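Listed here are the chains, written in short residue letters.
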Amino acid sequence: MSNLKELCSGLPLDPMPSNRGRDPSVPHAPARTPNLTPEEERLALRNALRYFPPFHHNILAAEFTQELRQYGHIYMYRFCPLIHMRAYPIDQYPCRTRQAASIMLMIMNNLDHAVAQFPQELVTYGGNGQVFSNWAQFRLVMYYLSEMTEEQTLVMYSGHPAGLFPSLPSSPRAIITNGMVIPNYSSREQYEKMFALGVSMYGQMTAGSYCYIGPQGIVHGTMLTVLNAGRRYLGSDDLRGRVLVTSGLGGMSGAQAKAAVIAGCVGVIAEVDEVPLRKRHEQGWLMEVTSDIEHCIQRIREAKRSKAPLSLGYHGNVVDLWERLLTEYERTGELLVDLGSDQTSLHNPFSGGYYPAQLSLHQANQLMATDPARFKTVVHESLCRQVAAINKLSEAGMFFWDYGNAFLLEAQRAGAEVEKEGGGATEFRYPSYVQHIMGDIFSLGFGPFRWVCTSGDPRDLTLTDDIAATVLEEISANVTERVRQQYNDNIRWIREAGKHRMVVGSQARILYSDQKGRVCIALAINQAIADRRAPVVISRDHHDVSGTDSPFRETSNVYDGSVFCADMAVQNFVGDAFRGATWVSLHNGGGVGWGEVMNGGFGLLLDGTEEAAKRASLMLNWDVSNGVARRCWSGNSNAYETIQRTMEEQRQLRVTMPYPVQDEDVLDRALLS
């Protein structure tokens, strides 16, 4: 296949493309182990064949059965297109509406080989963050979008395009749900079966919502986390000569190397898989690579002494690195690490998200496919070793936090010593980065706002960077000191963003902004588009003020008993839909894992019209205020002040404000009576 017109013509059935199988030149997802019964295998096969007319069933049934038994899922490799998968300029898509073209651009960016973790398995990041469940779905979606008018909406059920349904021009052009499972059946084991059957899908966050922008999408948040960790734990945002040790260079975790250098510290990141490690090095995100642990220790010591920023990739297991750092401390009394975290995909610990120290990468992939129970035991043993080393280094003065990847949750399940004495259901020995670092930022309304220049022209990205920086500088002159620090961090970020070579895939940018900043940036960019620039898609990470209810991450600092409630994320999805979003999505899972999170996102096309400006203003104001109001009601003082100021600026906004209990004796007397 050589062009977009052919790609958007629907399923190629006469003739079918040849079955080329897996492409050995790209990385592939580990085999899944759904443990289907013979009856369930039959159902999975029947479900997959629904996409094709009966005269193709004889051929496809045999190869789909082979895929199911060999890989644990029917990906339909035969229908993986030959076209170079990337974000083409918006005007190249054969569509009736630019709104549909913008969705197509974002989908293809998610599957770009430079962006996606396992492109042929349609996994964008996180080991199992799917864009679609199979290639038939991809092709049908591209066809529907090419045919769509502005009075139709594409309805997506966990990767499956249910079809185009009549709607209004003001309606979203796509409504996406992923993993919407009845709560009592939302277990990890049930998910493996449902995914193998082709009836549900784990969309992570921005994988299944078509809004991923490569590892840049998390670089800025990681940089802010490291900076604020320095301020909180080390008493300074001057991190020269300070060492951060962590793990993971695959999908979103690949941001850690770049973020460490931008923050000015020494970042040492362990990665067991050489492919993503080399990829990050070639992209310029990782300065040095070594597989020699002694050389790694030497370079840490040298970088601490010189105070030069460094990103060092250790090709090996992070457990070995933690234990070697502990040995060095016990032998010399020198603590070589100041800050520690972990970004392995522990939401998916037994299917390639975490590789135990006892096994090589190849051995682990074999064991997880042939003996899942034994592999689970080995993972638990490795987690216990990792936590034991971290605990001793923490006692010596290192500061460790959970990065919201379910590290502490899975370590607790493994039997590791991570309990917090007297802690609540979401509290551990170490805080999550939301509880101690980013939670206050969310309560101020700051979160990961992003945009994509649909022209594909780097000059448009430079222009929007300048627009955003100018807007933030104007607003920052009239904010409180607490808010000004966040503005200053983001102005510095956006002014320096271009020189850090962060673009992978689409011409995209991210920054953390509050409600006023997001609205003003969107309106300023929309005005620039009206002055003959190409359209821009605005979006955000689901990991945001309002988008995610996640008791072990985004909402882990909510203490009023509502931490396991998901009203905020669901309301956000619905509210974005009728306030002007071009597309919206709602997902089960994301970050911490299936059954642990409810999260949603949006995309909105700015085309320079007054209608686009109206949509952006209305939707973005809601998209932030919703979460700030919820955090205010839970008792967060920052959120209280933020929503109070917002109501003063927006007379139509009326939020129910809490009255705090000022005298605890009132409770004591009532409960003792």
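Residues numbered from 1 in each chain as written. Predicted model: local features only at pLDDT ≥ 70, side-chain atom pairs only at ≥ 80, totals over all residues. Heavy atoms only, no water.

If you look the chain up in an unreviewed UniProt entry, it shows as Urocanate hydratase from Oncorhynchus tshawytscha. Among the UniProt annotations of the chain, the heading Pathway (unreviewed entry) holds the following wording: "Amino-acid degradation; L-histidine degradation into L-glutamate; N-formimidoyl-L-glutamate from L-histidine: step 2/3." You can read under Cofactor (unreviewed entry) in the UniProt record for the chain the words "NAD(+)". (UniProt positions renumbered as here; feature names shortened; annotations may be inferred.)

For the rest of this paragraph, the subject is the overall build of the chain. Of regular secondary structure, the chain possesses 22 helices and 17 strands. The C-alpha atoms of the chain give 24 Å as radius of gyration, which agrees with the globular expectation for 673 residues (26 Å, within 12%). Its C-alpha atoms put the chain at 70 × 60 × 60 Å along the principal axes. Counting only residues that meet the buried cut, the chain has 62% of its 673 residues in that class. Excluding contacts between residues fewer than 6 apart, the proportion of contacts in the chain whose partners are at least 24 apart in sequence is 71%. Side chains of the chain carry 62 positive and 73 negative charges; the gap between the two charge centres is 3 Å. (Helix = DSSP H or I, 4+ residues; strand = E, 2+ residues; numbered from the N terminus. Rg over C-alpha atoms; globule rule 2.2 N^0.38 Å. Buried < 20%, exposed > 50% of the residue type's maximum accessible area, 1.4 Å probe, protein only. Contact = heavy atoms within 4.5 Å. Lys, Arg positive; Asp, Glu negative; His and termini not counted. Charge placed at Lys NZ, Arg CZ, Asp CG, Glu CD.)

The next subject is the UniProt feature "domain: Urocanase N-terminal" (unreviewed entry) in the chain. Under the UniProt annotation, the feature "domain: Urocanase N-terminal" (unreviewed entry) is placed at residues 85–211. Between the C-alpha atoms that bound residues 85–211 the distance is 15 Å, and the span itself is 28% helix and 18% strand.

Our next topic: a nonpolar patch on the surface. On the surface, Val 661, Val 666, Leu 667 and Leu 671 cluster together into a nonpolar patch covering about 380 Å² of accessible area. Within the element layout of this structure, Val 661 appears in the loop between helix H21 (637–649) and helix H22 (664–672). (Patch = residues over 30% accessible without salt bridge, like charges linked within 9 Å, V, L, I, M, F, W, Y side chains within 5 Å. Areas by Shrake-Rupley, 256 points an atom, 1.4 Å probe, with all protein chains shown as cover. Salt bridge = Lys/Arg side-chain N within 4 Å of Asp/Glu carboxyl O.)

Closest axis-to-axis distance for the helix H7 (residues 216–234)/helix H8 (residues 255–263) pair is 8 Å, and the angle between their directions is 50°. Taken together, the axes of H7 and H8 are oblique relative to one another. Relative to H8, the crossing made by H7 is right-handed. Here Ile 218, Val 219, Thr 222, Met 223, Val 226 and Leu 227 of H7 lie close against H8, whose contacting residues are Ala 255, Gln 256, Lys 258, Ala 259, Ile 262 and Ala 263. Per-class residue counts for the contact of H7 with H8 are 9 nonpolar, 2 polar and 1 charged. (Axes fitted to C-alpha atoms, helices over the stretch in contact; angles between N-to-C directions. Parallel < 35°, antiparallel > 145°, perpendicular 65-115°, else oblique. Left-handed = near helix turned anticlockwise from the far one by under 90°. Nonpolar A, V, L, I, M, F, W, Y, C, P; charged D, E, K, R; others polar.)

What follows concerns the nonpolar core. In terms of nonpolar packing, the biggest core is built from 145 residues, with Ile 107, Phe 138, Tyr 210, Trp 451 and Ile 538 touching the most fellow members. The biggest single contributor to this core is H7, with 9 residues. Apart from the residues lying within four places of it in its own chain, the contact partners of Ile 107 are Val 131, Phe 132, Phe 138, Val 141, Leu 145 and Tyr 210. (Core = buried A, V, L, I, M, F, W, Y, C linked by side-chain atoms within 4.5 Å.)

Summarising the element assignment, Met 368 is placed in helix H12 (residues 361–370). Expressed as a C-alpha distance, the spacing of Met 368 and Arg 32, which sit 336 residues apart in the sequence, is 8.3 Å. When sequence neighbours within four positions are dropped, the list of residues in contact with Met 368 reads Pro 30, Thr 33, Phe 350, Ser 351, Gly 352, Tyr 355 and Phe 375.

Here the focus is the packing of aromatic side chains. Counting across every chain of the model gives 23 aromatic pairs. Taken together, a centroid distance of 6.3 Å and an interplanar angle of 55° make the contact between Tyr 202 and Trp 594 tilted. Taken together, the residues Tyr 202 in the loop between helix H6 (188–197) and H7 and Trp 594 in the loop between strand S16 (583–588) and strand S17 (598–606) connect sequence positions 392 residues apart. Among the aromatic residues, those joined into a ring-pair cluster are Phe 132, Trp 135, Phe 138 and Tyr 210. (Phe/Tyr/Trp six-rings, centres within 6.5 Å; stacked < 30°, edge-to-face > 60°.)

Bringing the pairing of strand S12 (residues 447–453) into the picture now. S12 sits mainly inside the fold: 7 of its 7 residues count as buried. Bridging between S12 and strand S13 (residues 507–513) involves 7 bridges; their strand directions are antiparallel. Looking at S13, one finds that Arg 450 is bridged to Ile 510. Across 5 bridges, S12 lies against strand S14 (residues 536–540) in antiparallel orientation. Of the residues in S14, the one forming a bridge with Cys 453 is Val 536. (Pairing = 2+ DSSP bridges.)

This part covers the pattern of salt bridges. One pass over the structure, following the stated rule, counts 42 salt bridges. Here Arg 188 makes a salt bridge to Glu 410, at a shortest N to O gap of 2.9 Å. You can see Arg 188 sitting in helix H6 and its partner Glu 410 sitting in helix H14 (residues 407–414), a full 222 residues away along the chain. Notably, a salt bridge pairs Glu 554 with Arg 553, separated by 3.0 Å at the nearest N-O pair. For the pair Glu 554 and Arg 553, one class covers both residues: buried. In the salt-bridge network here, residues are joined through shared partners; they are Glu 294, Arg 301, Arg 324, Glu 328, Arg 331 and Glu 334.

This part takes up the sheet that holds strand S9 (residues 310–315). Strands sit in the order S8-S9-S7-S6-S10-S11 across an open sheet of 6 strands; the sheet is parallel. A single partner strand is all that each edge strand has here, and the edge strands are strand S8 (288–290) and strand S11 (399–400). In the sheet, strand S7 (residues 266–271) pairs with S9 via 6 bridges, with the strands oriented parallel. The residue of S9 that forms the bridge with Gly 267 is Ser 311. Running at roughly 150° to strand S6 (residues 243–247), helix H11 (residues 318–332) makes contact with S6, S7, S9, strand S10 (339–340) and S11 of the sheet.

As a further point, take the environment of Asn 405. Note that Asn 405 resides in the loop between S11 and H14. When sequence neighbours within four positions are dropped, the list of residues in contact with Asn 405 reads Asp 342, Gln 343, Thr 344, Leu 346, His 347 and Gly 591.

Quick look at helix H4 (residues 98–110) now. Because the α-helix completes a turn every 3.6 residues, residues three or four places apart line up on one side. Spanning 13 residues, H4 covers 19 Å between terminal C-alpha atoms, matching the ideal 18 Å at 1.5 Å per step. Summarising burial for H4: 12 of the 13 residues are buried, a large majority. When H4 is considered as a whole, its buried residues turn out to be Gln 99, Ala 100, Ala 101, Ser 102, Ile 103, Met 104, Leu 105, Met 106, Ile 107, Met 108, Asn 109 and Asn 110. (Expected span 1.5 Å × (residues − 1).)

Another aspect to go through is the packing of helix H10 (residues 293–306) against H11. Packing of H10 against H11 brings their axes to within 11 Å, and their N-to-C directions diverge by 60°. Taken together, the axis directions place H10 and H11 in an arrangement best described as oblique. The element H10 and its partner H11 pack so that their crossing is right-handed. On H11, the residues that touch Ile 293, Glu 294, Cys 296, Ile 297, Ile 300 and Arg 301 of H10 are Asp 320, Leu 321, Arg 324, Leu 325 and Glu 328. Looking at the contact of H10 with H11 residue by residue, the class counts come to 6 nonpolar, no polar and 5 charged.

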